[in-house]
Amino acid sequence: QKEVEQDPGPLSVPEGAIVSLNCTYSNSAFQYFMWYRQYSRKGPELLMYTYSSGNKEDGRFTAQVDKSSKYISLFIRDSQPSDSATYLCAMEGFSSGSARQLTFGSGTQLTVLP
Amino acid sequence: DTAVSQTPKYLVTQMGNDKSIKCEQNLGHDTMYWYKQDSKKFLKIMFSYNNKELIINETVPNRFSPKSPDKAHLNLHINSLELGDSAVYFCASSQEGGVETQYFGPGTRLLVL
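Attention here is on the structure that accompanies the text. None of the values given here were measured: they were computed from a predicted structure.

### Section: the layout of surface pockets
Move 1: Within this model, the largest pocket holds a volume of roughly 310 Å³.
Move 2: Around the largest pocket, the lining is made up of 18 residues, and of these Arg41 of chain A together with Asp38, Lys41, Val88 and Arg109 of chain B lie nearest the centre.
Move 3: Residue classes in the lining of the largest pocket are distributed as eight nonpolar, five polar and five charged.
Move 4: Computed from the structure, the second largest pocket encloses a volume of approximately 240 Å³.
Move 5: Lining the second largest pocket are 16 residues, with Glu3, Gln101, Leu102 and Thr103 of chain A together with Lys44 of chain B sitting closest to its centre.
Move 6: Elements represented by at least two residues in the lining of the second largest pocket include exactly β9 (85-94) and β10 (100-104) of chain A together with β5 (43-50) of chain B.
Move 7: For the lining of the second largest pocket, the element with the most residues is β10 of chain A, which contributes four residues.
Move 8: Looking at the lining of the second largest pocket residue by residue, the class counts come to eight nonpolar, four polar and four charged.

### Concerning the environment of Met48 of chain A
All names here are of chain A.
Move 1: Within the secondary structure layout, Met48 lies in strand β5 (residues 45-51).
Move 2: Accessibility expressed as a relative area gives 5% for Met48, which makes it buried.
Move 3: With twelve residues separating them in the primary sequence, Met48 and Tyr36 have C-alpha atoms 7.3 Å apart.

### Quick look at the state of the cysteines
A disulfide bridge is the covalent bond that connects two cysteines by way of their sulfur atoms.
Move 1: A full pass over the atoms with the stated rule returns two disulfides over all chains.
Move 2: With a sulfur-sulfur separation of 2.0 Å, Cys23 of chain A is cross-linked through a disulfide to Cys89 of chain A. Its S-S torsion of about -100° marks the bond between Cys23 of chain A and Cys89 of chain A as left-handed, since a negative value means left-handed. Taken together, the residues span a long stretch of sequence, with Cys23 of chain A in strand β3 (residues 19-25) and Cys89 of chain A in strand β9 at a distance of 66 residues.
Move 3: For Cys89 of chain A, a relative accessible area of 0% corresponds to the buried category.
Move 4: A disulfide bridge connects Cys23 of chain B with Cys91 of chain B, and the sulfur atoms are separated by 1.9 Å. Classification of the bridge connecting Cys23 of chain B and Cys91 of chain B rests on its S-S torsion, roughly -75°, and on that basis the disulfide is left-handed. Here Cys23 of chain B is found in strand β3 (residues 19-25), whereas its partner Cys91 of chain B is found in strand β9 (residues 87-94), with 68 residues between them in sequence. Cys91 of chain B carries the same exposure label as Cys23 of chain B, and that label is buried.

Rules used throughout
- Residues numbered from 1 in each chain as written.
- Chains lettered and ligands numbered in written order.
- Predicted model: local features only at pLDDT ≥ 70, side-chain atom pairs only at ≥ 80, totals over all residues.
- Heavy atoms only, no water.
- 1 Å grid on protein atoms, 1.4 Å probe; cavity = no way out; pocket = protein on both sides within 12 Å on 5 of 7 lines; lining within 4 Å.
- Points joined across faces, edges and corners; volume = space filled by probe spheres on them.
- Nonpolar A, V, L, I, M, F, W, Y, C, P; charged D, E, K, R; others polar.
- Helix = DSSP H or I, 4+ residues; strand = E, 2+ residues; numbered from the N terminus.
- Buried < 20%, exposed > 50% of the residue type's maximum accessible area, 1.4 Å probe, protein only.
- Disulfide = S-S within 2.5 Å.

Listed below in structure tokens is the structure:
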């Protein structure tokens with residue numbers, strides 16, 4: 001079992017829809033939870049990060065973390081065609097050498113249709 | 001103004017060759033990383049350097065050797081390339097201890113024939 005599981009999609013929604021993207025994880029030591037957006041043939045860019053449980057909102061994006069269920073979500077309101085990308089969740093843990101590192105989900109490919 | 005840059009963007013080479021990828025960041029960060037992204041978009045850490053010191057060295061064949069001449073640069077040298085090395089390699093950087101706010105480069109697409 002992978003440490004971080006993410007539904008790869010693809011997910012297609014009409015413009016204006018609310019999108020829900022989710023990840024589950026198995027390592028209860030994770031403390032920071034990130035969402036990255038990756039456009040085709042580009043590097044991942046950080047959308048937002050959350051420390052521990054709770055919600056965080058940034059414009060049309062809301063990140064939720066439920067540590068008791070080991071479940072994180074990213075909601076996109078009023079989705080736009082420009083939101084079409086692969087969304088990667090990531091979580092901060094420790095490497096075998098005790099250095100902090102990110103563990104990524106496999107990404108969900110989202111297409112917002114005009 | 002590019003924050004994290006990589007060269008080359010594309011690399012097509014034959015099996016058995018040796019190649020290098022270079023990375024530079026102008027963000028003043030202390031920590032730099034190399035990731036490998038496979039064809040299924042799975043992104044996995046390979047190495048991390050903090051102030052030119054290797055701090056993360058995941059299970060990567062020793063044909064891969066990172067080198068950090070200074071804290072703004074992190075290069076990746078690959079010996080005896082194999083078909084399975086074909087992937088996109090991303091460099092990233094963050095402030096020391098700021099692993100949650102990593103900034104990624106545009107990637108180097110490596111194809112081994």
